Structures are given as structure tokens and as C-alpha cells.
Amino acid sequence: MIRITELTKRYGKVAAVQNVSFEVPAGRITGFLGPNGAGKSTVLKTLSTWLPPTSGKVEVAGHDVVREPLAVRRSLGYLPEHNSLYDSMVVLSFLEFTGSMHGLSGSALAARIEWATASLNLQDVLQKRIQQCSKGYRQRIGLAAALLHDPRVILLDEPTHGLDPLQVVAFRDFVRSMSAGRAILFSSHVLAEVMAICEHVLIINQGKLLADMTVVELQARAKREGLDAEAVVLNIVESEGGKAQALRGGARAAEGATK
């Protein structure tokens with residue numbers, strides 16, 4: 001449901017993404033792993049039609065992001081890293097507004113809001129203004145808005161940012177429950193997050209895709225090389241001359257938070 005073929009995105013002479021190709025089929029949660037600044041968000045913004053590709057082909061649910069941007073947007077839900085919300089709006093009104101922008105109305109809209117509210121535990125904040133909500137609630141509100149129209153492709157960019165450890169566990173369970181029949185791309189710089197929720201992993205650094213493997217294959221490689229999975233990923237990243245300190249520190253922090 002996601003197909004990227006030789007995607008390159010340039011800003012002037014700088015190539016943020018270089019000849020990246022991969023697929024994410026329906027029913028798979030794929031981790032998109034790399035240090036900060038590796039090119040993950042650029043790929044996600046291209047998938048969501050926020051950015052046009054410089055070259056290559058990008059398809060979402062069979063729709064080309066350049067020729068069919070509206071069809072792409074109808075097919076996906078996107079939670080960006082910087083979750084922009086209308087702070088002055090009441091949460092319920094915001095969800096109603098977002099749903100209406102996706103063509104929902106009446107009982108269909110009410111049913112989807114009820115589902116999102118129950119699934120993401122938003123009952124306590126429905127009548128609050130968004131600016132009154134905690135960071136964790138704001139993240140869940142953004143996710144609810146992204147999923148109201150029941151998209152078949154879901155893009156998540158650092159989605160657990162701002163969630164406490166219990167909320168992180170609940171979020172993982174929720175994403176797993178959503179995976180049937182959907183293609184989910186889960187972007188993170190934290191290996192522990194990807195290993196906990198994903199079946200497949202893509203590793204990117206300096207705009208280049210360095211690895212495309214299952215989590216089982218990653219674990220088998222680690223065993224073969226006498227290393228842990230984190231060390232294997234760091235070796236892959238650093239083999240291209242990149243600095244993986246952000247990835248290293250992030251993994252340590254995540255592991256500590258989930259113990």
C-alpha cells in the first residue's frame with residue numbers, strides 16, 4: 001500500500017533523500033529508524049503530499065502523490081512529529097471539524113468520534129480547549145484526528161513523544177490492533193520503540209536507505225555477530241560515515257522508561 005521507487009528529494013544542491021526505494025504492504029507495521037536528521041520526516045512529508053519529490057515515484061494505496069494528491073490524502077492518516085492543533089478549539093469541536101473535512105457527517109461522524117474517544121481515552125478532555133490539555137493528551141488528539149476517516153495507510157512520526165510509560169504501552173497495543181488490513185509506517189530514532197511494535201525495519205541515514213529487513217532477521221544477525229540488536233543498527237548507521245549518537249542515546253532512554 002506504500003510503494004516508493006528511487007525517491008530523491010533535494011533542497012537546492014543538498015539531497016535530503018537519495019534514491020530511496022521500499023514497500024510497506026497491508027497488514028504490516030514497519031519501523032522507519034534512523035538518527036535525527038536522517039531523512040525520515042522528509043520521506044513522510046513526501047508520502048503525505050506536503051513535499052513534492054525531486055525525482056522518483058511515490059504511491060500510496062495505488063495513488064501517485066504528484067498526479068493524485070487528493071486521493072492520497074483521502075487514503076492516509078498522518079501524525080507528524082510536530083503535531084499542530086487549533087489550540088483555541090474545544091476538543092470535541094476540533095474532532096467534528098476534522099471529520100467534516102474528510103466528508104463525514106451525521107451518525108457516521110458521531111460513530112467515528114465515539115470510536116476515537118474510546119480507543120484513545122479522550123473522554124475526560126472532550127469539553128476542554130486543546131490549549132488546556134497536557135502534551136500526552138495533545139498527542140492523542142492529533143492521532144484521533146488522523147484516524148477519524150478510517151485510513152488504510154497510517155504514517156506516524158515519533159508518535160510516542162510526550163507520552164508517559166503507561167501511555168506508551170497502551171499506544172503500542174492500540175497500533176497493533178489497527179494493523180489488520182492497513183499499512184503502518186512508524187518513524188522513530190529509538191530502536192527500543194521499533195523493536196517493541198514493528199515486524200519489519202527500514203534503516204536510513206544521511207538520506208540513504210541502508211537496510212530493509214524483518215525484526216527477526218535483525219535479531220538473527222545480532223546473534224550471528226555476537227552483538228545486541230542496538231549494536232548492529234549502530235554499526236549499519238555508522239558504516240556510512242554517519243554519527244549515531246542521537247540513536248544511541250534515544251535507545252538507552254527508551255529502554256529505561258519501559259523497565
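In case you missed it, the structure is sitting above this.
Residues numbered from 1 in each chain as written. Predicted model: local features only at pLDDT ≥ 70, side-chain atom pairs only at ≥ 80, totals over all residues. Heavy atoms only, no water.

### Here's the deal with the pattern of salt bridges
Quick note on the threshold: Just to be clear on terms, a salt bridge is a Lys or Arg side-chain nitrogen sitting within 4 Å of an Asp or Glu carboxyl oxygen. We count a stretch as a helix when DSSP gives it H or I for four or more residues in a row; a strand needs E for two or more, and each element gets its number in order from the N terminus. Summary of the burial criterion: residues with accessible area below 20% of their type's maximum are buried, those above 50% are exposed, and those between are partly exposed, where the area comes from a 1.4 Å probe applied to protein chains only.
This structure, assessed with the given rule, holds 8 salt bridges. Its salt-bridge partner being Glu 23, residue Arg 3 comes within 3.2 Å of it at the nearest N-O pair. Here the residue Arg 3 occupies a position in strand 1 (residues 2-11), and Glu 23 occupies one in strand 2 (residues 14-24), the gap between them amounting to 20 residues. Between Glu 193 and Arg 172 there is a salt bridge, with the nearest N and O atoms lying 2.7 Å from each other. Of this pair, Glu 193 sits in helix 7 (residues 191-197) while Arg 172 sits in helix 6 (residues 165-178), and the two are 21 residues apart along the sequence. Under the relative-accessibility criterion, Arg 172 is labelled buried at 11%. Each of the salt bridges in this network shares a partner with another, and the network as a whole consists of Arg 3, Glu 23 and Glu 59.

### Points about helix 9 (residues 229-238)
Among the 10 residues that make up helix 9, 7 are buried, leaving the element largely enclosed by the rest of the structure. Within helix 9, the full set of buried residues consists of Ala 229, Glu 230, Val 232, Val 233, Leu 234, Ile 236 and Val 237.

### Points about the sheet that holds strand 7 (residues 153-157)
Rules: A pair of strands is considered paired only if DSSP assigns at least 2 bridges between the two. To get an axis, a line is fitted to the C-alpha atoms, and for a helix only the part in contact is used. The angle between two axes follows their N-to-C directions and goes from 0 to 180 degrees.
Pairing is mixed across the open sheet formed by 6 strands, whose spatial order is 6-7-8-3-9-10. The sheet terminates laterally at strand 6 (76-79) and strand 10 (208-214), the two strands that pair on one side only. For this sheet, the mean angle separating the axes of adjacent strands, direction not counted, is 15°.

### Examining the side chain of Arg 140
Formally: Here the positive residues are Lys and Arg and the negative ones are Asp and Glu; neither His nor the chain ends is included. Contact definition: two residues touch when any of their heavy atoms are within 4.5 Å.
Within the secondary structure, Arg 140 is located in helix 5 (residues 135-147). Summary of buried charges: Arg 140 has no salt-bridge partner, and the nearest side chain of opposite charge, Asp 164, is 6.6 Å away. Setting aside chain neighbours within four positions, we find Arg 140 in contact with Leu 120, Asn 121, Leu 122 and Gln 167.

### Considerations on helix 1 (residues 40-47)
Each turn of an α-helix holds 3.6 residues, which means side chains three or four residues apart point in the same direction. A large share of helix 1 lies buried, amounting to 6 of its 8 residues. Buried within helix 1 are the following residues: Lys 40, Thr 42, Val 43, Leu 44, Thr 46 and Leu 47. Where helix 1 terminates, the next one or two residues include Thr 49, which has phi positive at roughly 75°.

### Some details on the sheet that holds strand 5 (residues 63-64)
Read from one edge to the other, the open sheet built from 4 strands follows the order 2-1-4-5, with strand pairing classed as antiparallel. Bordering the open sheet on either side are strand 2 and strand 5, each of which pairs with just one other strand. Relative to strand 2, strand 1 is paired through 7 bridges, and the arrangement is antiparallel. In the sheet register, Arg 10 faces strand 2, and the bridge partner there is Ala 15. With respect to the sheet, helix 1 is in contact with strand 1, strand 2 and strand 4 (55-60), its orientation differing from that of strand 1 by roughly 115°.

### A closer look at the pairing of strand 6
Here strand 6 shows two buried faces, one formed by Leu 76 and Tyr 78 and the other by Gly 77 and Leu 79. With 4 bridges joining them, strand 6 and strand 7 adopt parallel strand pairing. Pairing of Tyr 78 across the sheet is with Leu 155, part of strand 7.

### Quick notes on the packing of helix 5 against helix 6
We count it as follows: Roughly parallel means an angle under 35 degrees; roughly antiparallel, over 145; roughly perpendicular, 65 to 115; everything else is oblique. In this classification, Asp, Glu, Lys and Arg are treated as charged, Ala, Val, Leu, Ile, Met, Phe, Trp, Tyr, Cys and Pro as nonpolar, and every other residue, Gly included, as polar.
Orientation of helix 5 relative to helix 6, taken along the N-to-C sense of each, is 10°, at an axis distance of 12 Å. Considering the angle they form, helix 5 stands roughly parallel to helix 6. When helix 5 is examined against helix 6, the residues Gly 136, Arg 140, Leu 143 and Leu 147 are found in contact with a partner set consisting of Gln 167, Phe 171, Phe 174 and Met 178. Residues that form the contact of helix 5 with helix 6 fall into these classes: 5 nonpolar, 2 polar and 1 charged.

Shape descriptors only; they carry no functional weight alone.
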